[in-house]
Amino acid sequence: MPLTIDTTRFGPLEIAGEAVIEFPAGLIGLGGSRYALLANDENAAIVWLQSIDDPSLALPVANPWQFFADYEVKLSDSEAERIGITDPAAADVYVTVRATQAIEDCTANLRAPIVVSAGRGWQVINESEHAPMRAALFAGISEPVTAETAA
Amino acid sequence: MLIITRRPNERIMLGDDITIHVMEIVGNSARIGIDAPKSLPVYREEIWAAVKEENQASARAEADSMPRPASDAGARV
């Protein structure tokens, strides 16, 4: 059964019941228990994780491998046990994006990825040594990202 | 704040399910063992605070700073 929420950013949106993701522990420091991913299309590089409980709460999140090809998520045994997933690569993984005025300064939090599997989601701590809290989102892309820089 | 003095190898119970075990004190560090239900996330405070700050900063993004979802979005599972 679809839910209709009147989001602060995007106006009224209809969320299909099967698109709702339950976060048993919410997002770290933000709480919320139900979110949905909003995308322009299936292949969008950046999508929005919209809270269903709080219409004003939404975070841009990215598929990390579209920006960081060698990104790796390592979970501690206790974290893997908590979420019931030992191989995060088998689940959907997203990283939160910190937007800035200049698009080239946008960063992604590789330290605390969001793992989504079978309609449930968890924000976890990545034990990998190469997982900064603020990784330049466009640093790994050699191609120009905007028409201006291409010119 | 509740303040309790504990010696090495003594424990504190938080309710019936959570045990905080002061395992060892060496110099100015304490080794703490935590036995809690596996559904309860446990973080070092500085990591928790930094991730909270990043989440809050991410959530301040304006709709026009990132691609907007299509009006019929939300169907993605």
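Refer to the preceding data block for the structure.
About the thresholds
Numbering of residues begins from 1 in every chain and follows the order in which that chain's sequence is written. All chains are assigned letters beginning at A, and all ligands numbers beginning at 1, according to the order in which they are written. This being a predicted model, a pLDDT of at least 70 is required before a residue's local features are given, and a value of 80 or more before pairs of side-chain atoms are given or counted; all residues contribute to the totals for chains, interfaces and linings. Strands were regarded as paired on the criterion that DSSP finds at least two bridges between them. Numbering of helices and strands runs from the N terminus, with a helix taken as a DSSP run of H or I at least four residues long and a strand as a DSSP run of E at least two residues long. To form a nonpolar core, buried Ala, Val, Leu, Ile, Met, Phe, Trp, Tyr and Cys residues must be joined through C-beta atoms within 7 Å. With C-beta atoms placed from the backbone, a residue is labelled by how many other C-beta atoms lie within 10 Å of its own: buried for 20 or more, exposed for 12 or fewer, partly exposed between the two. Throughout, a pair of residues is in contact if the C-beta atoms placed from their backbones lie within 7 Å.

Side-chain positions along a regular strand alternate between the two faces of the sheet. All names here are of chain B. Pairing analysis gives 4 bridges linking strand S1 (residues 11-14) to strand S2 (residues 18-26), with the strands arranged antiparallel. Directly across from Arg11, in S2, lies its bridge partner His21. The hairpin turn running from S1 into S2, its antiparallel successor, is 3 residues long, and Gly15 in that turn takes a positive phi close to 65°. Sheet analysis places S2 next to strand S3 (residues 29-35), joined by 7 bridges and oriented antiparallel. Bridge pairing links Val22 to Ile32 in S3. Remark: 2 residues form the turn of the hairpin made by S2 and S3, two consecutive strands paired antiparallel; Gly27 in that turn has positive phi of roughly 60°.

Val61 and Ala62 of chain A are the most contacted members of the largest nonpolar core, which totals 53 residues. Within the residue set of this core, elements represented by two or more residues are strand S2 (11-15), strand S4 (34-38), strand S5 (46-51), strand S6 (58-62), strand S7 (92-98) and strand S9 (114-117) of chain A together with helix H1 (45-59) of chain B. What Val61 of chain A contacts, discounting residues up to four positions off in sequence, is Val47, Leu49, Tyr94, Val95, Thr96, Val97 and Ile114 of chain A.

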